[in-house]
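# Working through the structure, step by step
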Amino acid sequence: MPRVIHFEIPSGDPGQLAEFYRRMFGWEITNWGGPVEYWLISTGPEGEPGINGAIARRDVREGTRNTISVTSALKRVVEIGGKALGPTMAVPGVGFHALCQDPEGNIFGIMELDPSAKWTPGEGSGR
């Protein structure tokens, strides 16, 4: 059964917000250092219940967004009344991610896990 595997918190100042969550919960938060501003959050030791997440520079996001682990589900989202909000994007070493919207306008992500995923600038993901 598909499960929530990741969360994202939108922010106007990710570095400052990272400090808040470090101080509030003791989370380990580090800047990913990739082509977009993205701060990875480790909420606790591997093997304990819970999920990890990230703080991302605010764009059109409103509220925390969850990502659900799936296998090739983008087409199904559209078939049952949702929307694909863009193409599938490769996340190097993790898998293929797409943003979607449910019939009531809630935004969520889906991720097909694939550690061999590679991102090449200017190319589609092929998914």
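Since we're looking at a predicted model, the values are computed, not measured. (Residues numbered from 1 in each chain as written. Predicted model: local features only at pLDDT ≥ 70, side-chain atom pairs only at ≥ 80, totals over all residues. Heavy atoms only, no water.)

### Focus on the overall build of the protein
Scanning the protein from terminus to terminus reveals 2 helices and 9 strands. Each helix and strand of the protein, ordered N terminal to C terminal, gives the series β-α-β-β-β-β-α-β-β-β-β. In terms of C-alpha radius of gyration, the protein reaches 15 Å, essentially the compact-globule figure of 14 Å for 127 residues. Looking at the protein as a whole, 32% of its 127 residues are labelled buried. At a minimum sequence separation of 6, the contacts of the protein that also span at least 24 residues come to 49%. Mean positive and mean negative side-chain charge positions of the protein (12 and 15 charges, respectively) differ by 3 Å. (Helix = DSSP H or I, 4+ residues; strand = E, 2+ residues; numbered from the N terminus. Rg over C-alpha atoms; globule rule 2.2 N^0.38 Å. Buried < 20%, exposed > 50% of the residue type's maximum accessible area, 1.4 Å probe, protein only. Contact = heavy atoms within 4.5 Å. Lys, Arg positive; Asp, Glu negative; His and termini not counted. Charge placed at Lys NZ, Arg CZ, Asp CG, Glu CD.)

### What about helix H1 (residues 14-25)?
Under the 1.5 Å per step criterion, the end-to-end length of H1 is 16 Å for 12 residues, consistent within 8% with the ideal 16 Å. The positive-phi residue at the C-terminal boundary of H1 is Gly26, with phi of around 75°. (Expected span 1.5 Å × (residues − 1).)

### Things to note about the nonpolar core
Within the largest apolar cluster, 9 residues are counted, these being Phe7, Ile9, Ala18, Tyr21, Trp27, Ile29, Trp39, Ile41 and Ile55. At the level of secondary structure, the elements contributing two or more residues to this core comprise strand S1 (4-11), H1 and strand S3 (38-42). Residues Val70, Ala98, Cys100 and Phe108 belong to the second largest nonpolar core, which totals 8 residues. (Core = buried A, V, L, I, M, F, W, Y, C linked by side-chain atoms within 4.5 Å.)

### A closer look at a nonpolar patch on the surface
Nonpolar side chains collect at one region of the surface, where Ile5, Val94 and Leu113 lie side by side and expose about 220 Å² of accessible area between them. One can find Ile5 in strand S1. (Patch = residues over 30% accessible without salt bridge, like charges linked within 9 Å, V, L, I, M, F, W, Y side chains within 5 Å. Areas by Shrake-Rupley, 256 points an atom, 1.4 Å probe, with all protein chains shown as cover. Salt bridge = Lys/Arg side-chain N within 4 Å of Asp/Glu carboxyl O.)

### Some words on the pattern of salt bridges
The final tally for this structure, using the stated rule, is 3 salt bridges. Note that Glu8 and Arg65 form a salt bridge whose closest N and O atoms lie 3.1 Å from each other. Residue Glu8 is found in strand S1, and its partner Arg65 is found in strand S5 (residues 65-69); the two are separated by 57 residues along the sequence. What makes Glu8 buried here is its relative accessible area of 10%.

### Topic: the pairing of S3
Pairing of strand S2 (residues 28-31) with S3, which is carried by 4 bridges, proceeds in the antiparallel orientation. Looking at the pairing, Ile29 lines up with Ile41 of S3. Counting the residues between successive antiparallel strands, the hairpin from S2 to S3 contains 6 residues, one of them, Gly33, with a positive phi of roughly 80°. (Pairing = 2+ DSSP bridges.)

### Observations regarding the environment of Ser72
Its location among the elements puts Ser72 in the loop between S5 and helix H2 (74-79). For the pair Ser72 and Val91, spaced 19 residues apart in sequence, the C-alpha to C-alpha distance is 15 Å.

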